[in-house]
Number of protein chains: 2
Amino acid sequence: MSEYEHTCMIRGDGGRTIRAILDRICNKWTLLVVATLDQGSLRFTDLHQQVSGISQRMLTLTLRNLERDGLVSRTVHAEVPPRVEYALTPTGKSLIPPALALAGWAIEHIPHIEASREAYETRN
Amino acid sequence: MSEYEHTCMIRGDGGRTIRAILDRICNKWTLLVVATLDQGSLRFTDLHQQVSGISQRMLTLTLRNLERDGLVSRTVHAEVPPRVEYALTPTGKSLIPPALALAGWAIEHIPHIEASREAYETRN
DNA sequence: CTGTATCCGCGTGGATACTG
DNA sequence: CAGTATCCACGCGGATACAG
């Protein structure tokens, strides 16, 4: 039942590797932007509308970090008004499956977690 | 190749579900503690030694949150000196596979990401 | 051994206004 | 259209000391 033989992937190197990836995707918007871009290339304004609640500033910062890490490509078209298209790179696309695994876990277990949380609160 | 039909799991409800789970596991220590507990029940001091770098305060806070969410059980043995055993609940264990998926992705792609990052820096 | 209590620096992210 | 610039509030997490 236990898979402790494999958790060295997480605990290895004192957790630096897993922490590095968590630092990248665990901010408030990254995963949502990546998931939104999975439908294909989008321009800044489209992203701003589809990722509900994100500010211009946060969208810019998130996209810059993703571009810097090679998960998203940014192509500027020499037009007036300017047009900028964002798209997932192969590396970016490869993040989708593990992200879906996590989302699946969340959808399946969050009700139970919420219940446990409420029970814990009222108990104290 | 694209899996955009499925990313609604992530984008659904404006990202609240995925954000809820990320808020839980994306802090600095949670995933490491969970992975460490996958080898079986451990007491406070053992965890403190095995999760290298964590402070008493952070270990306590992390364990309290995990207990509250029903991912970890806490059993106090009436002895002197006190003995407290922490263990994963079934829900807690179920987090391991998706976490491993993420760790696998990290191990596979982090070298490329680091390279992209350095290239981005020197380019600017 | 298993925690609590207190203080504090730092970074994230929100609001708002401005620009090429 | 696609950003930048500035200011600021908040909370995470580290260090340290104390306690049942």
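Positions within a chain are numbered from 1, following the residues in the order the chain's sequence is written. Chains and ligands are labelled by the order in which they are written, letters from A for the one and numbers from 1 for the other. Note on the predicted model: pLDDT of at least 70 is required for a residue's local features to be given, and 80 or more for side-chain atom pairs to be given and counted; whole-chain, interface and lining totals, by contrast, use all residues. Think of the side-chain values as coming from all heavy atoms in the structure, minus any hydrogens and water.

The name given to chain A in an unreviewed UniProt entry is Transcriptional regulator, and the organism recorded there is Acrocarpospora phusangensis.

Trainee: Give me the environment of Leu88(B): which residues, what numbers.
Mentor: All names here are of chain B. With respect to the element layout, Leu88 can be found in strand β3 (residues 83–88). Three labels apply to residues, based on accessible area from a 1.4 Å probe with only protein chains included: buried if under 20% of the type maximum, exposed if over 50%, partly exposed otherwise in between. On the basis of relative accessible area, Leu88 is assigned to the buried category, the value being 11%. Put simply, Leu88 and Val72 are 16 residues apart on the chain and 4.5 Å apart in space, counted from C-alpha to C-alpha. Here a residue-residue contact requires only that any non-hydrogen atoms of the pair lie within 4.5 Å. Residues within four places of Leu88 in sequence aside, it is in contact with Val34, Leu37, Asp38, Leu71, Val72, Lys93 and Ile96. Helix and strand definitions follow DSSP, with helices as H or I runs of at least four residues and strands as E runs of at least two, each counted in order from the N terminus.

Trainee: Residue-level account of the relation of the copies chain A and chain B, with values.
Mentor: Turning one copy of the chain about an axis and sliding it along that axis gives the other copy, so a rotation and a shift relate them. Superposing chain A onto chain B requires a rotation of 180° together with a translation of 0.0 Å along the rotation axis, leaving an RMSD of 0.0 Å. Taken together, the rotation and translation relating the two chain copies correspond to the operation of a two-fold axis. Across chain A, the smallest distance between a C-alpha and the rotation axis is recorded for Cys26(A), namely 2.7 Å. When the interface residues of chain A are mapped onto chain B, 100% of them again fall at the interface, so both copies present the same face. For this overlay, a least-squares fit was computed on C-alpha atoms, restricted to residues scoring pLDDT of at least 70 in both copies.

Trainee: Got a sec to walk through the interface of chain A and chain B? Specific residues and values, please.
Mentor: On the side of chain B, 60 residues touch chain A, which itself brings 60 residues to the contact. When chain A packs against chain B, the two sides together hide about 5,800 Å² of surface, and 67% of this comes from carbon and sulfur. Throughout this description, the term salt bridge denotes a Lys or Arg side-chain nitrogen within 4 Å of a carboxyl oxygen of Asp or Glu. Summed over the shared surface of chain A and chain B, the result is 6 salt bridges. Put simply, Glu121(A) and Arg68(B) hold a salt bridge, and the shortest N to O gap is 2.6 Å. Buried area: the accessible surface (1.4 Å probe) lost by two parts on joining, summed over both.

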